[in-house]
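# Coordinate analysis (summary)
As a plain string of letters, each chain reads:
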Amino acid sequence: MLTQRLKDSNPLHTLLVAVFLSIALLTQVAPAQSTSPMHTVVIHADKKIGTINPNIYGHFAEHLGHCIEEGIWVGPESEIHNVRGIRTDVVETLKKIKPPVIRWPGGCFADSYHWQDGIGPRENRPKRVNVHWGRVIENNHFGTHEFIDFCRQVGAEPMIAANVGSGTPQEMRDWLEYLNVSSDSTLANLRANNGHPEPFNVRYICIGNENWGCGGSMDPIHYALLYRQFSEYCHFPPKEGFYRIACGPSSADYDWTRGFFKTMVGEETKGRNRLGRVEAFDMHYYTGGKAYGTATEYTTDEWYGLLAKGLGLEEIALKHWEIMGQYDPGHSVKLAVCEWGAWHHVIPGTNPRFLRQQNTMRDALLAALTLNIFNRHCDKIGMANIAQTINVLQCMILTKGAEMITTPTYHVFEMYVPHQGAEALQCDVTTTQIPFTDKGDTPNKLPHVAASCSQNDDILTITVVNTHAGESATIEVDLLGVSKADFKSWRTLKASDIHAHNTFENPEAVRPTEVSGTASLMRAFVLPPASVNVLTYSIKQ
Ligand code: AHR
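Residues numbered from 1 in each chain as written. Predicted model: local features only at pLDDT ≥ 70, side-chain atom pairs only at ≥ 80, totals over all residues. Heavy atoms only, no water.

## What to know about the sheet that holds strand β12 (residues 334-343)
Judged by pairing direction, the barrel is parallel, and its eight strands sit side by side in the order β2-β5-β8-β9-β10-β11-β12-β13 before closing back on the first. Adjacent strand axes in the sheet meet at a mean angle of 30° when their direction is disregarded. Strand direction decides the pairing type here: strand β11 (residues 280-288) and β12, joined by eight bridges, are parallel. Directly across from A280, in β12, lies its bridge partner K334. (Pairing = 2+ DSSP bridges. Helix = DSSP H or I, 4+ residues; strand = E, 2+ residues; numbered from the N terminus. Axes fitted to C-alpha atoms, helices over the stretch in contact; angles between N-to-C directions.)

## Section: the site of the ligand
Surveying the vicinity of the ligand reveals 13 residues, the closest of which are E62, C108, E210, Y286 and E339. Here an oxygen atom of the ligand and a backbone polar atom of C108 are 2.8 Å apart. Here an oxygen atom of the ligand sits 2.7 Å away from a polar atom, N or O, in the side chain of Y286. Burial of the ligand by the protein amounts to 93% of the accessible area it has alone, namely 280 Å². (Near = heavy atom within 4 Å. Polar contact = N/O pair within 3.5 Å; in protein donor to acceptor, adjacent residues only side chain to side chain. Areas by Shrake-Rupley, 256 points an atom, 1.4 Å probe, with all protein chains shown as cover.)

## Some words on the pattern of salt bridges
This model, assessed by the stated rule, comprises 20 salt bridges. With a closest N to O distance of 2.7 Å, R173 and E177 form a salt bridge. One end of the pair is R173 and the other is E177, both in helix α4 (residues 169-180) and four residues apart, which spans about a single turn. Salt-bridge contacts for K262 lead to E268; the nearest nitrogen and oxygen are separated by 3.5 Å. Overall, the relative accessible area of 25% leaves K262 in the partly exposed class. Residues participating in the shared-partner salt-bridge network are R103, D282 and E339. (Salt bridge = Lys/Arg side-chain N within 4 Å of Asp/Glu carboxyl O. Buried < 20%, exposed > 50% of the residue type's maximum accessible area, 1.4 Å probe, protein only.)

## Section: the packing of helix α9 (residues 361-376) against helix α10 (residues 408-415)
Close contact between α9 and α10 brings their axes to 7 Å; oriented N to C, the two are set at 30°. Considered as vectors, α9 and α10 are oriented roughly parallel to each other. Pair α9 / α10 crosses with right-handed handedness. Here M361, D363, A364, A367, A368 and L371 of α9 come into contact with α10, specifically with P408, T409, V412 and F413. Its residues assigned to classes, the contact of α9 with α10 comprises eight nonpolar, one polar and one charged. (Parallel < 35°, antiparallel > 145°, perpendicular 65-115°, else oblique. Left-handed = near helix turned anticlockwise from the far one by under 90°. Contact = heavy atoms within 4.5 Å. Nonpolar A, V, L, I, M, F, W, Y, C, P; charged D, E, K, R; others polar.)

## A word on the environment of L335
Summarising the element assignment, L335 is placed in strand β12. For the pair L335 and Y178, spaced 157 residues apart in sequence, the C-alpha to C-alpha distance is 28 Å. In contact with L335, other than residues within four places in its own chain, are F281, A317, W321, M324, K380, I381, G382 and M383.

## What to know about unusual backbone geometry
Across the junction of W104 and P105, the peptide omega takes the value 5°, indicating a cis bond. Mapped onto the secondary structure, P105 falls in the loop between β5 (101-104) and β6 (128-130). In this model, A387 is joined to Q388 through a cis peptide bond whose omega is -10°. Note that Q388 resides in the loop between β13 (381-387) and β14 (397-400). You will see that L393, though not glycine, has its phi angle at about 50°, which is positive. With a phi close to 50°, K439 is a non-glycine residue in the positive phi region. One can find K439 in the loop between β17 (433-438) and β18 (442-447).

## Here's the deal with the side chain of N163
Residue placement: N163 occurs in the loop between β8 (157-162) and α4. For N163, a relative accessible area of 5% translates into the label buried. In terms of polar contacts, N163 uses its side chain to reach the backbone carbonyl oxygen of Y113, at 3.0 Å. Polar side-chain contacts of N163 include one of 3.4 Å to the backbone nitrogen of G165. Every residue in contact with N163, bar those within four places of it in the chain, is listed here: A110, D111, S112, Y113, H114, T168 and F230.

## Here we look at a nonpolar patch on the surface
Residues V129, V131 and I137 make up a contiguous nonpolar surface patch of roughly 250 Å² in combined accessible area. With respect to the helices and strands, the residue I137 is situated in strand β7 (residues 136-138). (Patch = residues over 30% accessible without salt bridge, like charges linked within 9 Å, V, L, I, M, F, W, Y side chains within 5 Å.)

## Considerations on the packing of helix α8 (residues 300-327) against α9
Where α8 meets α9, the axes come as close as 9 Å, and the angle between the chain directions of the two elements is 20°. Looking at the two axes, α8 sits roughly parallel to α9. Both α8 and α9 take part in a crossing whose hand is right-handed. In contact with E302, W303, L306, L307, G310, L311, L313 and E314 of α8, α9 contributes M361, R362, L365, L366, L369, T370, I373, F374 and R376. Of the residues belonging to the contact of α8 with α9, the class tally is 11 nonpolar, two polar and four charged.

See the structure below:
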């Protein structure tokens, strides 16, 4: 029986650890030499944090570069295999990572977008200049119907971002009527004439995007007053009700959070408390910049620097959460992170406004560390969308004409699927800190091991990251609050080179592998350097 915690002082424990470690070393495929001390991952099966909202694994597709045009949409006449204009290879690949929700049409694009441009016969749709992303001509062939068709094909819920910056409450209200009304209204009939008699039942709506910047250069009070106004016209909810998402801060802009919340509760204007109209508050957090090299060329210090910056999201999110709690003590408003991920230099020779970048093992670890944070704080975080799905920023898929490859980040999303909708368990990691030089001159540290854990019925899933660029990490897994635990599987995403990535010439350079030869009681593992690992157990409590 493995019911009790195996304490350090217990000689039986020492013996068991030695046995488990030997098993791990004997059974690990191509074991790396372990020179590091033991790290512990203690799972508390009796301490549930909450349900991991699948929407934490959400995506984001903007009219930017080749995310939609060529990435998702090729048009029904294309020689690339498609269903109603939507690429089949992309749909089939995305389905495997179970995208729960997709955010569209932006991003910055959203606050310049007028939904009426994207309905009706495609040949009649107006051509507009995409002012944010390269001033290219947007033909609006991918509009509301095409987006929702794409979502339904991949099995995701649609999430729309309404135009607050240059739009009106009337325009947003009409879009919602067009989307969700089933009766004989003119807009519902227009939708039916355009090929969809049934309402779309869209639930997720961002009221604006980055309204402190490209969404209107507003201050938080101005935006909150507009939010109060726009949310008044959020009619026509589907039967589950709307999930309304307010524009939150860029990274650590705590003044934005304070300003928004105090205006929403009425403190600023002595008006009524309208916080009940906000389900989530959307902070954006990007990781990148000159200090971390390029997408594919970076030093070991830049490897650590980027990962440390990514981990910084946790402290910042908690600080916002604390401020939100000052105005919303019951925390009825959840935190959302509707844009996150790595922002690198574009691939040389590509349009700088198309934000097309490569994606390496470093990005895979960044994704894994971030998703672990979201899992561990699933009681606070209700929605997150990596930027962006295809061909833009930290994408899942890169396309080139008819060709398509998946990125290391895609594989992390696939490996983490078991967490979606599972119960997050408290997971305490004891690890060492890796010292490194940040931004060329600043001493900094990064945890060697980070993890999160969830339970779905009798399956326990632990996702563990070894951040060390060159050393393996020997971990001991300690399962508390379980009466029986059988080890099931270990999958790892690793590469001998920290710069490894997939290319059109070598699309399988980075992909997860099963570590075979496992014993039923495995508790100790030698994690390869720079790796993302998924361990599963079958448990009884
Ligand atoms: O994801 C790219 C851009 O980053 C989005 O359009 C905007 O919201 C953010 O600044």
